[in-house]
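Here's the letter readout for the chains.
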Amino acid sequence: MSHLLLAVVAWAAVLRGSVASENRLLNRQTVNDYLEMCMIGQNHKEVPGPESSLYQECLPWKDRSCCRDNVTQAFHNSPTWYKFSWNHCSGHQLSPRCKTRFVKDLCFYECSPNVGPWLVQENRKWRTERFYNAPLCKNECDAWWEDCKDDFTCMDNWSKGDFNWTSGVNSCPSHRPCRSFTQIFKNSTSFCERVWDYSWQVVPDNQPCMKIWFDASQGNPNYAVAKQKAEALLTISGAQRLTALNACLVIMLLILIV
């Protein structure tokens, strides 16, 4: 009888969601759970919402955003962000066109309310979550690459590269000579995926994919992409819970037979 009781307890745990975890990403049960969340980061809001205004390149996210106006003004006008400098190659400054692309990418990172389905845990001082392998439209990546391919860097992974941080801001160590993006990354897909440690996964334009920047008068195209991904994830998790439930039922029957 004690064995049967344990089986019933296990079955009840499955019905409750099988785990009560401190990782909130494991407890999402509805599409809105994925869509009504911002990543946990130093400057992010808890949930997306409207702002009266957002600065310059971040304006498209004004109606529904995970960032605040003062944050967007700060990183537009600061030479570093999270102590990271795009101008880490001595003697080289990012070209204006390339810098604009990275600012737009930073707007997406700080402001986008559509990364919930791709959030994973990460242990860093300024964030405990990040988005990983979010689908980036190939034409978006190619345009970014065209504006940056002649600029200079010494690292192919700016999130995990072994920069020199002794000054408090990243710079290139002596054993990492500065070379053009073309020499470092070779092509657009490699650049977009590797530069921020696979936050992005480049996909064909005919697949559901993200726009780093968009015309707000036409609405945010990334909402539909996130919604479709959330629905797919819920289908998978529902099937997994059903499999676990069936396993518990089999165990209960075996115990009763014995």
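Note that the coordinates shown come from a computational prediction; the quantities given were computed from them, not determined experimentally. (Residues numbered from 1 in each chain as written. Predicted model: local features only at pLDDT ≥ 70, side-chain atom pairs only at ≥ 80, totals over all residues. Heavy atoms only, no water.)

A. Focus on the side chain of Asp 105. If you trace the backbone, Asp 105 turns up in helix H4 (residues 96-111). Not counting the four nearest positions on each side in its chain, Asp 105 is found in contact with Trp 144, Trp 196, Trp 200 and Ile 212. (Helix = DSSP H or I, 4+ residues; strand = E, 2+ residues; numbered from the N terminus. Contact = heavy atoms within 4.5 Å.)

B. Focus on the packing of aromatic side chains. Inspection of every chain in the model, using the stated rule, returns 24 aromatic pairs. With 5.3 Å between their ring centres and 75° between their planes, Phe 102 and Trp 144 make a pair best called edge-to-face. With Phe 102 in helix H4 and Trp 144 in helix H5 (residues 138-148), the pair connects residues that are 42 residues apart, well separated along the chain. As far as burial versus exposure is concerned, Phe 102 and Trp 144 are alike and both buried. Given a relative accessible area of 1%, Trp 144 falls into the buried group. An aromatic cluster of at least three residues, connected via ring pairs, comprises Phe 84, Trp 86, Phe 102, Trp 144, Trp 145, Trp 158, Phe 163, Trp 165, Phe 181, Phe 185, Phe 191 and Trp 196. The ring of Trp 213 has Lys 104 sitting right over it, with the charged end atom 4.5 Å from the ring centre. (Phe/Tyr/Trp six-rings, centres within 6.5 Å; stacked < 30°, edge-to-face > 60°. Buried < 20%, exposed > 50% of the residue type's maximum accessible area, 1.4 Å probe, protein only. Lys NZ or Arg CZ within 6 Å of the ring centre and 35° of its normal.)

C. Just the packing of H4 against H5, in detail. Two numbers describe how H4 lies on H5: the axes approach to 7 Å, and their chain directions differ by 140°. Here H4 and H5 pass one another in a crossing that is left-handed. Here Arg 97, Cys 98, Arg 101, Phe 102 and Asp 105 of H4 lie close against H5, whose contacting residues are Ala 143, Trp 144, Glu 146, Asp 147 and Cys 148. Split into classes, the residues belonging to the contact of H4 with H5 amount to five nonpolar, no polar and five charged. (Axes fitted to C-alpha atoms, helices over the stretch in contact; angles between N-to-C directions. Left-handed = near helix turned anticlockwise from the far one by under 90°. Nonpolar A, V, L, I, M, F, W, Y, C, P; charged D, E, K, R; others polar.)

D. Here's a closer look at the state of the cysteines. Evaluated as defined, the whole model comprises eight disulfides. Each sulfur of the disulfide joining Cys 67 and Cys 111 lies 2.0 Å from the other. Taking the sign of the torsion about the S-S bond as the criterion, the disulfide between Cys 67 and Cys 111, at about 95°, is right-handed. One end of the pair, Cys 67, is in the loop between helix H2 (31-35) and helix H3 (69-77); the other, Cys 111, is in helix H4, and 44 residues separate them in sequence. Here Cys 67 and Cys 111 have matching classes, each one buried. Across a sulfur-sulfur distance of 2.1 Å, Cys 154 and Cys 172 are joined as a disulfide pair. (Disulfide = S-S within 2.5 Å.)

E. Summary view of unusual backbone geometry. With a phi angle near 80°, Lys 186 is a residue other than glycine that sits in the positive phi range. Structurally, the position occupied by Lys 186 is in the loop between helix H6 (181-185) and helix H7 (188-194). By relative accessible area, Lys 186 is classed as exposed at 58%. Positive phi, close to 65°, is recorded for Tyr 198, a residue that is not glycine. Within the secondary structure, Tyr 198 is located in the loop between H7 and strand E6 (200-203).

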